[in-house]
Amino acid sequence: MSILRTILVQWLNRGLTSAWFILTAMLLEFGFVLQAQTVTSAEYQVKAVFLFNFTQFVEWPVNAFSDPQAPLVIGVLGEYPFGLYLDETVKGETVNGHPLVIRRFERAEDANPCHVLFINSKKGDRLKQVLANLKGRSVLTVGDAADFARQGGMVLFSTENNKIRIRINLDATKATNLIISSKLLRLAEIVDSKHN
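Draft legend 1. Fine view of the pattern of salt bridges. Taken as a whole and judged by the stated rule, the model has nine salt bridges. A salt bridge links Glu 43 to Lys 47; the shortest N-O distance between them is 2.5 Å. With Glu 43 and Lys 47 both in helix 3 (residues 39-54) and four residues apart, this pair spans about one turn of that helix. What makes Glu 43 buried here is its relative accessible area of 13%. Between Asp 147 and Arg 150 there is a salt bridge whose closest N-O contact spans 3.5 Å. Sharing partners across several salt bridges, the network here consists of Glu 43, Lys 47 and Asp 144.

Draft legend 2. Region of interest: the packing of aromatic side chains. Under the counting rule described, the total for this entry stands at eight aromatic pairs. Each ring, one from Tyr 44 and one from Phe 82, has its centre 5.5 Å from the other, and the planes form 85°; the classification is edge-to-face. With Tyr 44 in helix 3 and Phe 82 in the loop between strand 2 (72-77) and helix 4 (85-90), the pair connects residues that are 38 residues apart, well separated along the chain. Here Tyr 44 falls in the buried class, since its relative accessible area comes to 11%. Judged by its relative accessible area of 4%, Phe 82 falls in the buried class. Look at Tyr 80 and Phe 82: their rings are 5.6 Å apart centre to centre, the planes differ by 70°, and that puts the pair in the edge-to-face class. For Tyr 80, a relative accessible area of 18% translates into the label buried.

Draft legend 3. Up close: the sheet that holds strand 2. Here eight strands make up an open sheet; going across it, the order is 3-4-2-5-6-7-8-10 and the pairing mixed. Sheet topology places strand 3 (94-95) and strand 10 (189-191) at the edges, where each strand pairs with a single neighbour. As paired strands, strand 2 and strand 5 (residues 116-119) are joined by four bridges and run parallel to one another. Within the sheet, the bridge partner assigned to Leu 77 lies in strand 5 and is Ile 119. The sheet strands contacting helix 5 (residues 127-134) are strand 2, strand 5 and strand 6 (140-143), and the helix crosses strand 5 at an angle near 170°.

Draft legend 4. Highlighting the nonpolar core. Leu 51, Phe 54, Leu 86 and Leu 140 are the most contacted members of the largest nonpolar core, which has 40 residues in total. The set of elements that each furnish at least two residues to this core consists of helix 3, strand 2, helix 4, strand 4 (98-105), strand 5, strand 6, strand 7 (155-160) and strand 8 (163-169). For this core, the leading source of residues is helix 3, giving eight residues. Residues in contact with Leu 51, not counting those within four places in the same chain, are Ile 74, Phe 82, Leu 86, Val 116, Phe 118, Val 142 and Phe 157. In terms of nonpolar packing, the next biggest core, distinct from the first, is built from 18 residues, Val 73, Ile 119, Leu 131 and Ala 145 among them.

Draft legend 5. Representation of helix 5 within the structure. Burial in helix 5 covers these residues: Leu 127, Val 130, Leu 131 and Leu 134. Seen from one end, helix 5 has its buried residues packed into an arc of 95°, which puts them on one side. Turned more than 90 degrees from where helix 5 packs its buried face, Lys 128 and Ala 132 sit exposed. Against the buried residues of helix 5 lie strand 2, strand 5 and strand 6.

Draft legend 6. Spotlight on the pairing of strand 2. Taking burial as the measure, the six residues of strand 2 include six buried ones, the bulk of the element. Side chains of strand 2 alternate between two faces, with Leu 72, Ile 74 and Val 76 and Val 73, Gly 75 and Leu 77 buried alike. Alignment of strand 2 against strand 4, held across six bridges, turns out to be parallel. Residue pairing for strand 4: Val 73 is matched across the bridge by Val 101.

Parameters and conventions
Residues numbered from 1 in each chain as written. Predicted model: local features only at pLDDT ≥ 70, side-chain atom pairs only at ≥ 80, totals over all residues. Heavy atoms only, no water. Salt bridge = Lys/Arg side-chain N within 4 Å of Asp/Glu carboxyl O. Helix = DSSP H or I, 4+ residues; strand = E, 2+ residues; numbered from the N terminus. Buried < 20%, exposed > 50% of the residue type's maximum accessible area, 1.4 Å probe, protein only. Phe/Tyr/Trp six-rings, centres within 6.5 Å; stacked < 30°, edge-to-face > 60°. Pairing = 2+ DSSP bridges. Contact = heavy atoms within 4.5 Å. Axes fitted to C-alpha atoms, helices over the stretch in contact; angles between N-to-C directions. Core = buried A, V, L, I, M, F, W, Y, C linked by side-chain atoms within 4.5 Å. Arc of directions from axis to C-beta.

Structure follows, in structure tokens:
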């Protein structure tokens, strides 16, 4: 079990909301410095933790679920960069009575039901088409392609000086009926569709 996962589990035992808030604040305030030897694995471990914790600070409309016990689906579109880490992070977890599950998708059309969708940066060339297919659905779109927010994605992971930052495009969230907690908004840089 990684150090990051161990710290998260210990904090979760003290209280989920405060644990995530503290961890995210530390990652954003001080930045998560990526080791040169393990850039990919460390980077995607941090992104997996963020994906898991976004479910705590985003509220979906009731009609986004087929029933009160339906799973909350975190999807990954395209190549899957998380190894087993994302699956292990959400294993056995629930949010408001909804068990968390991970699903992998090759095509955006297949991402139904899905509540959080990480769009792999390799899909950047088709990003506008992918986002158009999701239009009108209550799906939190997350990505790390450089122009993700400018093209209409909602949450952008950006890496600056080996630190992961999050940027939120509020314009893109307006039509989705998603409510993003002010706690999450305070930790992010707010951008619009014109600027990343």
